[in-house]
Amino acid sequence: GDFGGFGFGGFGGLDDIFGEFFGFGTRTQARQGPHRGSDLRYDMAISFEEAVFGSDKEIEVTRLETCLTCQGSGAEPGTTPSRCPECQGTGQVRQARQSIFGAFVNVTTCPRCQGRGEVVVTPCSTCHGDQRVERPRKLMVDIPPGVDDGMRIRLSGEGEAGLYGGPAGNLYVILHVEPHPYFHRRDHDILLNLNITIVQAALGDEITVPTLEGEEKLSIPAGTQTGAVFRVKGAGVPNLRRSGRGDEIVIVNVAVPTHLNEEQKQLLVELGKTLGSEVIPQGGKGFFERLREALGL
Ligand SMILES: [Zn+2]
Ligand SMILES: [Zn+2]
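Bear in mind that the values here come from a model prediction, so they are computed numbers and not experimental data. (Residues numbered from 1 in each chain as written. Chains lettered and ligands numbered in written order. Predicted model: local features only at pLDDT ≥ 70, side-chain atom pairs only at ≥ 80, totals over all residues. Heavy atoms only, no water.)

Section: the pairing of strand β9 (residues 152-155)
The alternating pattern of β9 places I153 and L155 on a buried face, while none of R152 and R154, on the opposite face, is buried. Taken together, the 4 bridges between β9 and strand β10 (residues 171-177) define a ladder with antiparallel strand orientation. Residue pairing across strands places I153 opposite V173, the latter belonging to β10. (Buried < 20%, exposed > 50% of the residue type's maximum accessible area, 1.4 Å probe, protein only. Helix = DSSP H or I, 4+ residues; strand = E, 2+ residues; numbered from the N terminus. Pairing = 2+ DSSP bridges.)

Comments concerning the sheet that holds β10
Spatial ordering of the open sheet is given by β2-β10-β9, a layout of 3 strands whose pairing is mixed. Looking at which strands have only one partner, the edges of the open sheet turn out to be β2 (40-46) and β9. Across the sheet, the axes of successive neighbouring strands diverge by a mean angle of 25°, strand direction being ignored. (Axes fitted to C-alpha atoms, helices over the stretch in contact; angles between N-to-C directions.)

Let's talk about the layout of surface pockets
Of the voids in this model, the largest pocket is the one considered here, and its volume is about 400 Å³. Around the largest pocket, the lining is made up of 16 residues, and of these I198, V199, A201, A202 and V254 lie nearest the centre. Only α3 (198-203) and α4 (262-275) provide two or more residues apiece to the lining of the largest pocket. At 5 residues, α3 tops the list of elements feeding residues into the lining of the largest pocket. Residue composition of the lining of the largest pocket, grouped by class: 12 nonpolar, 4 polar and no charged. A volume near 330 Å³ is recorded for the second largest pocket. (1 Å grid on protein atoms, 1.4 Å probe; cavity = no way out; pocket = protein on both sides within 12 Å on 5 of 7 lines; lining within 4 Å. Points joined across faces, edges and corners; volume = space filled by probe spheres on them. Nonpolar A, V, L, I, M, F, W, Y, C, P; charged D, E, K, R; others polar.)

Digging into the side chain of Q200
With respect to the secondary-structure elements, Q200 resides in helix α3. Here the side chain of Q200 touches T197 through a polar contact of 2.9 Å, landing on its backbone nitrogen. Engagement of the side chain of Q200 in a polar contact is seen with the side chain of D205, the distance being 2.9 Å. In contact with Q200, not counting residues within four places along its chain, are D205, I207 and I220. (Polar contact = N/O pair within 3.5 Å; in protein donor to acceptor, adjacent residues only side chain to side chain. Contact = heavy atoms within 4.5 Å.)

Looking at the coordination of the zinc ion (ligand 2)
Protein-derived ligands of the zinc ion (ligand 2) are C67 (SG), C70 (SG), C124 (SG) and C127 (SG), with the metal-ligand distances lying across 2.3 Å. Every donor counted, the 4 donor atoms about the zinc ion (ligand 2) form angles of 106 to 116° at the centre, which fits tetrahedral coordination. Sequence spacing of the donors to the zinc ion (ligand 2): C-x2-C-x53-C-x2-C. One end of the pair, C70, is in the loop between β3 (55-66) and β4 (82-83); the other, C124, is in the loop between β7 (118-119) and β8 (132-143), with 54 residues separating them in the sequence. Like C124, C70 is buried. (Donors = N, O, S within 2.8 Å, 3.2 Å for Na, K, Ca; no water. Tetrahedral: all angles 85-135°; square planar, octahedral: opposite > 155°, others 65-115°.)

A few points about the coordination of the zinc ion (ligand 1)
Coordination of the zinc ion (ligand 1) by the protein is provided by C84 (SG), C87 (SG), C110 (SG) and C113 (SG), with metal-donor distances spanning 2.2 to 2.3 Å. Relative to the metal, the 4 donor atoms surrounding the zinc ion (ligand 1) lie at angles of 102 to 117°, and the coordination shape comes out tetrahedral. Mapped onto the sequence, the donors of the zinc ion (ligand 1) take the spacing C-x2-C-x22-C-x2-C. A residue pair is termed long-range when its members are at least 10 positions apart, and C84 in the loop between β4 and β5 (92-99) and C113 in the loop between β6 (102-109) and β7 qualify at 29 residues. Take C84: its relative accessible area is 1%, and that puts it in the buried class. Note on C113: relative accessible area 2%, which makes it buried.

Some points on the nonpolar core
The biggest cluster of nonpolar side chains holds 21 residues, and the ones touching the most others in it are I196, I207, V209, L218, I220, F230 and V250. Here the element with the most residues in this core is strand β12 (residues 189-197); it accounts for 4 residues. If near-sequence neighbours (up to four positions away) are discounted, V209 is found in contact with L192, L194, G214, E215, E216, L218, V232, E248 and V250. Of all hydrophobic cores here, the second largest spans 16 residues; its members include L40, L139, L155 and L175. (Core = buried A, V, L, I, M, F, W, Y, C linked by side-chain atoms within 4.5 Å.)

Considering α4
Between its first and last C-alpha, α4 extends 20 Å over 14 residues, near the 20 Å set by a 1.5 Å rise per residue. Two or three places before E263, at the opening of α4, N261 has a side-chain oxygen 3.2 Å from that residue's backbone nitrogen. (Expected span 1.5 Å × (residues − 1).)

Some words on unusual backbone geometry
Trans peptide bonds make up most of the peptide bonds, and negative phi angles are found at most residues other than glycine. Look at Q71: it is not a glycine, yet its phi comes out positive at around 55°. You can see Q71 is positioned in the loop between β3 and β4. The backbone of H128 shows a phi angle near 55°, a positive value even though the residue is not glycine. Relative to the assigned elements, H128 resides in the loop between β7 and β8. Residue classification places H128 among the exposed positions, given a relative accessible area of 60%.

Put into structure tokens, the structure is as follows:
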């Protein structure tokens, strides 16, 4: 167990009762064995495009590595650890105390050797007996295509070195995806808000929309309303765990001009006369309803 056991000299029965009551299953503590190295965390900022397409990035971490001079023993090369003089190599120290029950023997892990039974007499001059030294290390991080903000990548065994032959910890790279100036991410789809003119909306047009890899042609049909949604198939984010890609979803906003010159104003007045000046209440579906439908929400 993690706690030292109790021994009651002359009160063997009580020992068992107390042992069960406190959950101390063993009378003696196990010798301290190999110790796993600590995990490390590295926060990495990546661009929107790197998250979509993946990237290999080099990072530098400063971590505790096994000392090469002593190969992690902590002893100066050519010297060997010797038997601990405090516990005579048993790894445990017994202390007798008096209590109302009588003699009371407390067995604890030897503080000198931490229970290993041997001590380094001549510490390694490089690590001063610590077995490990802090060292900067360059590592390559393979970011697969399709990762998203907040995901973490595990680099097994790239954390801090273990002690007494224990394994190294892991390095966890936490991804922080920077926002894009005009694309937004929704799982595997890319959203793009796009302004078109009232003329393009009314008459229809073939327009060019930006994609993550360049641009694509998109046909806007005549009579397109604000909130109309178009899909550029396969222009979204690659799926992290299976094949295929999401889409780019273009959400159209019909931009009403705010700065008109006299000629343009006159043209609209003429147009208005032909359309009739009454404001007709909107029937059918509203902007958000159409958007929700298009996104499948
Ligand atoms: Zn000792
Ligand atoms: Zn060393």
